Amino acid sequence: KRKQTLDELSYQADFDQLTSLHNRYGLEKIIKNHINEEIEFSLFLMDLNKFKSINDIFGHESGDEILIFVSDNIKKIIRSGDYASRWGGDEFVLLVRSIDTDDLRQLTKRIIEQITEPYRLKNINKNVSIGASIGIALHPHDATTMQGLLRKSDKAMYEVKKIKDKDPTFTLMFASDMKD
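These notes cover the structure that comes with them. Bear in mind the structure is a predicted one, so any value in this text is a computation, not a measurement. (Residues numbered from 1 in each chain as written. Predicted model: local features only at pLDDT ≥ 70, side-chain atom pairs only at ≥ 80, totals over all residues. Heavy atoms only, no water.)

Some remarks on the overall build of the protein chain
Going by this rule: Each helix is a run of DSSP H or I of at least 4 residues and each strand a run of E of at least 2, with the numbering of both proceeding from the N terminus. Both definitions apply: the radius of gyration is a C-alpha atom measure, and the globule rule equals 2.2 Å times residues to the power 0.38. Buried residues are those whose accessible area, probed at 1.4 Å on protein chains only, stays under 20% of the maximum for their type, while exposed residues exceed 50% and partly exposed ones sit between those limits. By definition in these notes, contact holds between two residues if any of their heavy atoms fall within 4.5 Å. We get accessible surface area from the Shrake-Rupley algorithm with a probe of 1.4 Å; when it comes to residues, only the shown protein chains can shield them.
What the protein chain contains, in helices and strands, is 6 helices and 7 strands. In sequence order, the protein chain lays out its α and β elements as α-α-β-α-α-β-β-α-β-β-β-α-β. Taking 16 Å as the expected radius of gyration for a compact globule of 180 residues, we find that the protein chain reaches 17 Å, a close match to that expectation. Along the three orthogonal principal directions, the C-alpha set of the protein chain runs to about 55 × 50 × 25 Å. Expressed as a percentage of the 180 residues in the protein chain, the buried residues total 48%. Excluding contacts between residues fewer than 6 apart, the proportion of contacts in the protein chain whose partners are at least 24 apart in sequence is 66%. Here the protein chain has roughly 9900 Å² of accessible surface; of this, 49% comes from carbon and sulfur atoms.

A few points about unusual backbone geometry
Cis peptide bonds are those with omega within 30 degrees of zero, and the linkage from H139 to P140 qualifies with 5 degrees. Among the secondary structure elements, P140 is positioned in the loop between strand 6 (131-139) and helix 6 (146-164). The residue N125 is not glycine, and still its phi comes out positive at about 55 degrees. Relative to the helices and strands, N125 is located in the loop between strand 4 (119-121) and strand 5 (126-128).

A short note on the packing of aromatic side chains
Note the following rule: Only Phe, Tyr and Trp rings are paired, with Trp represented by its six-membered ring, and only when their centres lie within 6.5 Å; those with planes under 30 degrees apart are stacked, over 60 edge-to-face, the remainder tilted.
The final tally for this structure, using the stated rule, is 2 aromatic pairs. Seen from their ring centres, Y11 and F15 are 4.5 Å apart, and the 10 degrees between their planes marks the pair as stacked. Residue Y11 is classed as partly exposed on the basis of its relative accessible area, which comes to 40%. A centroid spacing of 4.6 Å and a plane angle of 35 degrees characterise the contact between F69 and Y119, whose relative ring orientation is tilted. In this pair, F69 sits in helix 4 (residues 60-77) while Y119 sits in strand 4, placing the two residues 50 residues apart along the sequence. Neither residue differs from the other here; F69 and Y119 are each classed as buried.

Section: helix 5 (residues 101-115)
The criterion, for reference: Each residue after the first adds 1.5 Å to the expected span of a helix. Taking the helix axis as origin, the arc is that swept by the directions to the C-beta atoms.
An ideal rise of 1.5 Å per residue puts 21 Å on 15 residues; helix 5 measures up with 21 Å between its terminal C-alpha atoms. Those residues of helix 5 that sit buried are L104, L107, T108, I111, I112 and I115. Looking straight down helix 5, one finds its buried side chains confined to an arc of 135 degrees; they lie on one side. In this structure, the buried side of helix 5 is in contact with strand 1 (41-49), helix 4, strand 3 (91-96), strand 6 and strand 7 (172-174).

Concerning the side chain of D90
For clarity, the threshold we go by: Charge assignment: positive for Lys and Arg, negative for Asp and Glu; neither His nor the chain ends contribute. Whenever Lys or Arg places a side-chain nitrogen within 4 Å of a carboxyl oxygen from Asp or Glu, that contact is recorded as a salt bridge.
You can see D90 is positioned in the loop between strand 2 (83-88) and strand 3. No salt bridge is formed by the buried D90, whose closest oppositely charged neighbour, K161, lies at an N-O distance of 6.4 Å. In contact with D90, not counting residues within four places along its chain, are M46, D47, L48, F51 and L67.

Structure follows, in structure tokens:
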């Protein structure tokens, strides 16, 4: 019984209760481990578009439904050896064990296609649609620290948001494509 309790506490420390993805703390440990072992990987920072309005208009229960919907789709798409987390609010971070840009574009395309499908909110029986903006930083090419990778992927993600206002089909940017 003691072991079971310890296992449950360990799970709660590393995983988001709502989505069952890693939480921020859980993924930070994995990122640091990959950096320490000098493993090449990509760090995706993904922010949902239109989430705030759904949450504000239809309530937090609807917002939670959307977060679960997005998380379930991410879990279906990522590969063995890749990790996903609900970083906080409507932000997600993925650690992908690839730095091939064509491979990363395909993965991003599949995620975007899945989560932009109209979703029927169960509690109000209404279809809603969301989108996402994604910034990607490559380890060790763009940065060699977790903070550096997060800063670069965050900057790339916000650049996507700016461009998306003019071109709604624009969904991702690599940190290496930006000027410092």
